[in-house]
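These are the residues of each chain, in order.
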Amino acid sequence: QVQLVESGGGLVQAGGSLRLSCAASGSIFKPNAMGWYRQVPGAPGKQRDLVASIKSDGSTNYADSVKGRFTISRDNAKNKVSLQMNRLKPEDTAVYYCNFRRIFIIDQDYWGQGTQVTVSS
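Residues numbered from 1 in each chain as written. Predicted model: local features only at pLDDT ≥ 70, side-chain atom pairs only at ≥ 80, totals over all residues. Heavy atoms only, no water.

Asks: I'm lost on the overall build of the chain in this one. Help?
Replies: Assigned secondary structure in the chain consists of zero helices and eleven strands. Helices (α) and strands (β) of the chain occur, in sequence order from the N terminus, as β-β-β-β-β-β-β-β-β-β-β. In terms of principal-axis extent, the alpha carbons of the chain reach across some 40 × 30 × 25 Å. Across the 121 residues that make up the chain, the buried fraction comes to 40%. Put simply, the chain shows about 6500 Å² of open surface, and 49% of that area lies on carbon and sulfur atoms. A distance of 3 Å separates the average location of the 15 positive side-chain charges in the chain from that of its 9 negative side-chain charges. (Helix = DSSP H or I, 4+ residues; strand = E, 2+ residues; numbered from the N terminus. Buried < 20%, exposed > 50% of the residue type's maximum accessible area, 1.4 Å probe, protein only. Areas by Shrake-Rupley, 256 points an atom, 1.4 Å probe, with all protein chains shown as cover. Lys, Arg positive; Asp, Glu negative; His and termini not counted. Charge placed at Lys NZ, Arg CZ, Asp CG, Glu CD.)

Asks: Just to check I follow, could you spell out the packing of aromatic side chains for this structure?
Replies: Both the distance between ring centres and the angle between the ring planes are used here to describe each pair of aromatic rings. Within this structure, the stated rule accounts for two aromatic pairs. When the ring of Tyr 37 is compared with that of Trp 111, the centres are 5.1 Å apart and the planes differ by 75°; the resulting orientation is edge-to-face. Here the residue Tyr 37 occupies a position in strand 4 (residues 32–39), and Trp 111 occupies one in strand 10 (residues 108–111), the gap between them amounting to 74 residues. Centre to centre, the rings of Phe 100 and Tyr 110 are 6.4 Å apart; their planes meet at 55°, and the pair counts as tilted. Of this pair, Phe 100 sits in strand 9 (residues 94–102) while Tyr 110 sits in strand 10, and the two are ten residues apart along the sequence. What makes Tyr 110 buried here is its relative accessible area of 12%. Across the ring face of Tyr 97, the terminal group of Arg 48 is positioned such that the distance to the ring centre comes to 3.6 Å. The ring of Phe 104 carries the charged tip of Arg 102 above its face, separated from the ring centre by 4.7 Å. (Phe/Tyr/Trp six-rings, centres within 6.5 Å; stacked < 30°, edge-to-face > 60°. Lys NZ or Arg CZ within 6 Å of the ring centre and 35° of its normal.)

Asks: Sorry if this is basic, but what is going on with the state of the cysteines here?
Replies: For the structure shown, the criterion picks out one disulfide. The partner cysteine of Cys 22 in its disulfide is Cys 98, sulfur to sulfur 2.1 Å. Between Cys 22 and Cys 98, the S-S torsion sits near -85°, and that sign places the bridge as left-handed. Separated by 76 residues along the polypeptide, Cys 22 in strand 3 (residues 18–26) and Cys 98 in strand 9 bring together distant segments of the chain. (Disulfide = S-S within 2.5 Å.)

What follows is the structure in structure tokens.
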């Protein structure tokens, strides 16, 4: 099992910045990936969409909508991942979920409790 504790989030005006952090504990096997997904509450049928992820080897993946604005980083020694969000837009408003993915024959996902990010126009 993997436990995830998130911090950060909140309310910010458009153009502002926020930083999300997530610490993982438990059965931290490699290779793995840590990242952030987001979901708009109340949107019927809307799944969690990838925002950014970073593997244990350092390779990153970003959603097109956040490239150039968001930066993901991780500290492998502390099993911690951070997401620096700059030039935020109202459409970035969502609940952001930290994800830990154990990469194996069948990938196994673990999720944080979610943190609200609200960007006002």
